[in-house]
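Commentary on secondary and tertiary structure
Each chain, letter by letter, is given below.
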Amino acid sequence: MSFFDVVFYLFAVITTLAATGVIVARNPVHAALFLVLAFCSAAGIWMLLEAEFLAITLVLVYVGAVMVLFLFVVMMLDINLLKLREGFWRWFPFGAGLAGLMVFEMIWVLGSRQTSEVSVAVTHAADYSNTKELGRLLYTQYVYPFELAAVILLVAMVAAIALTLRRRTGVKTQNISEQVKARKADRLRIVKMKSETKV
Amino acid sequence: MMEWLEPIQKFLGPAWLPIWTLLKIVVIVLPLMGAVAYLTLAERKVIGWMQIRIGPNRVGYFGLLQPLADGLKLLMKEIIVPSGANKFLFIIAPILTLMPALAVWAVVPFNAQLVVANINAGLLYILAMASLGVYGVIIAGWASNSKYAFLGALRSAAQIVSYEIAMGFALVTVLMAAQSLNLGDIVRGQHGEHGLLNWYLIPLFPMFVVYFISGVAETNRAPFDVAEGESEIVAGFHVEYSGMAFALFFLGEYANMILVAFLASIMFLGGWLSPVPFLPDSIVWMFAKVAFMLFLFLWFRATFPRYRYDQLMRLGWKVFIPISLLWVVLVGAWMQTPYWLW
């Protein structure tokens, strides 16, 4: 077993354990942190496949941004653990069926002849830049789908802001431009007066 | 260059690679920790002199042993875990703050040859590691099981996340100018006949300002130190921490300061390149630039009053993000014209 295999199995075991932790952990904050660990070790596996751009972006976007927001929300919720576990057995067959379906799909996809041929990492020269190649593909061959996805995301962002925006009346906020415009003469009057004489 | 190492390499066989990498890590981390310790002394001295005081001068000549005394004091103190705190997360939070601050150094080049991992996506790696630092803050606040620590954590985390965006855009302009994510190539892109005029400082000056101010905000330094705010509030997310666990947060903060200084020097000030054409490029320039940027950190702290929280957020979202977005577009357009000289 080479060093490469050792690292792969290490990451694989950590990913699986962390993913199990996500669903087994009682505390939602612990579950979210397990998910972070799962993302990090998945990024490690991608790095082994020389997909450095995707691996680092996974950490940057999912761990660095998405999960931080998740944690923010989960930490502030007042979660009643008893209520969460209510009706576990009622929903168990549904969940088990879904899990079974996913396992079947994974075996189907990964076990097929087409995928088994490309499961080895393609090695490149040292000066090969994963980022450059991806960028070139995204902005030439896939430019329309890429721009379309960007516009959809933008629309979603604007919509989310527009939905939650509320103008409250009667709040005291600074008017920055007014403050910047203020001059000494507007606020301050210097009065010259003679010193008083002692009585 | 490293021929004398070959017999050792043969003797160790497959164990050579991990051992050699560990050695390189030690060679970087030990001086870094020393730099962090003496940066605290420099800070107290510089601010002292700016306020016409002497600063630490009792422990050793010029107070030179003061950082060691401070470190020893913190080591001897008991780490108190609050009752009801989540013990595991409480202990691991300071480690999570320090870990990314150290991991980033793997890709930082000191001169043309001296770098642990010369990877192509270096800039991206730095952004990813920098975005992990916020976990230490959030987990520390939550695991303390104290409302004050939790509110402090939310405040600091929101600040760090906000300034990360402007910082990211500033880095995007650099990678556009250099056309590479490799930090070594970014420095080499600033090489030219005119020395200082070839640096990205000139075309990207607004981004340099945005990057550095965001860097100050990211590291929770004055005037953006609402995480600590020792003259107004007790502290933020680390209010329940004591002893070495507390010290780890500050080790991380100072290591991050040094990192921001290094990155600003690499991306905008030409790294190890000489500012004038008649002097040779050398690692000395690198350290001189870093020392200057670190001095700016200390100077800021002695000069500016603390930002109020809403003004701090306004600066990040309403000033820096629009400016940096505009500059990204502008640099993109500028690079298509013949007037782009860098």
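Use the structure listed above.
Residues numbered from 1 in each chain as written. Chains lettered and ligands numbered in written order. Predicted model: local features only at pLDDT ≥ 70, side-chain atom pairs only at ≥ 80, totals over all residues. Heavy atoms only, no water.

1. Here we look at empty space enclosed by the protein
The method is simple in principle: a probe with the dimensions of a water molecule rolls over the atoms, and the space it marks as empty is what remains. All names here are of chain B. Operational definition: A cavity, in this analysis, means grid points on a 1 Å lattice covering only the protein atoms where a 1.4 Å probe fits yet has no way out; a pocket is instead an open set bounded by protein on both sides within 12 Å along at least five of seven lines, and a residue lines either one if it has an atom within 4 Å of a point. Grid points are joined across faces, edges and corners, and a volume is the space filled by probe spheres set on the points. Helix and strand assignments follow DSSP, with helices taken as H or I runs no shorter than four residues and strands as E runs no shorter than two, numbered in order from the N terminus. Under the scheme applied, nonpolar residues are Ala, Val, Leu, Ile, Met, Phe, Trp, Tyr, Cys and Pro; charged residues are Asp, Glu, Lys and Arg; polar residues are all the others, including Gly.
Inspection of the entire model under this criterion finds 1 cavity of 30 Å³ or more. In this structure, the largest cavity encloses a volume near 410 Å³. Lining of the largest cavity is provided by 30 residues; of these, Gly133, Ile160, Glu218, Thr219 and Asn256 occupy positions nearest its centre. For the lining of the largest cavity, the secondary structure elements donating two or more residues are α4 (87-103), α5 (122-143), α6 (147-178), α8 (205-218) and α9 (243-268). Residue contributions to the lining of the largest cavity peak at 8 residues, all from α9. Of the residues contributing to the lining of the largest cavity, the split by class is 20 nonpolar, 7 polar and 3 charged.

2. Structural notes on helix α2 (residues 28-48) of chain A
Residues and elements named next belong to chain A. Defined as follows: The span you would expect from a helix comes to 1.5 Å times its residue count less one. In protein, a polar contact requires one atom able to donate a hydrogen and another able to accept it; more generally it is a pair of N or O atoms within 3.5 Å, and residues adjacent in sequence count only if both atoms are side-chain atoms.
With 21 residues, α2 should reach 30 Å at 1.5 Å per residue; the first-to-last C-alpha distance of 31 Å fits that figure. A side-chain oxygen of the first residue of α2 lies 3.0 Å from the backbone nitrogen of Val29; this N-cap is Asn27. Glu50 sits one or two residues past α2 and shows a positive phi near 65°.

3. Let's talk about the interface of chain B and chain A
Filter applied, for reference: Contacts are assigned to residue pairs with any non-hydrogen atoms lying within 4.5 Å of each other. Summed over both partners, buried area is the accessible surface (1.4 Å probe) that two parts give up on being assembled. Here a salt bridge means any side-chain nitrogen of Lys or Arg lying within 4 Å of a carboxyl oxygen belonging to Asp or Glu.
Contacts between chain B and chain A engage 26 residues on the former and 27 residues on the latter. Both sides together, the interface formed by chain B and chain A hides about 2,200 Å², and carbon and sulfur atoms give 75% of it. Among the residues chain B hides against chain A, the three largest losses belong to Asn120, Tyr135 and Trp142 of chain B. Together they make up 26% of the total. Our enumeration of links across chain B and chain A arrives at 0 salt bridges. Joining chain B to chain A, the criterion identifies 2 residue pairs in polar contact (both at pLDDT 80 or more). Contributing elements (two or more residues each) for the side of chain B that touches chain A: α5, α6 and α11 (309-335) of chain B. Of all the elements, α5 of chain B adds the most residues to the side of chain B that touches chain A, at 11 residues. Looking at the side of chain B that touches chain A, its residues break down into 18 nonpolar, 5 polar and 3 charged.

4. A few points about the packing of helix α1 (residues 3-24) of chain A against α2 of chain A
Residues and elements named next belong to chain A. Heads up, the condition is: Working convention: axes come from line fits to C-alpha atoms, limited for helices to the stretch in contact. Angles between N-to-C directions cover 0 to 180 degrees. Orientation categories follow fixed angle ranges, with anything under 35 degrees roughly parallel, anything over 145 roughly antiparallel, 65 to 115 roughly perpendicular, and all other angles oblique. Here a crossing is called left-handed whenever its near helix is offset anticlockwise from the far helix by less than a right angle, and right-handed whenever the offset is clockwise.
Closest axis-to-axis distance for the α1/α2 pair is 8 Å, and the angle between their directions is 155°. It follows from the interaxial angle that α1 and α2 lie roughly antiparallel. At the point where α1 passes α2, the crossing takes the left-handed sense. Two secondary-structure elements touch here, α1 through Phe4, Val7, Phe8, Phe11, Ala12, Ile14, Thr15, Ala18, Ala19, Gly21 and Val22 and α2 through Ala31, Phe34, Leu35, Leu37, Ala38, Ser41, Ala42, Gly44, Ile45 and Leu48. Of the residues in the contact of α1 with α2, the class split is 17 nonpolar, 4 polar and no charged.

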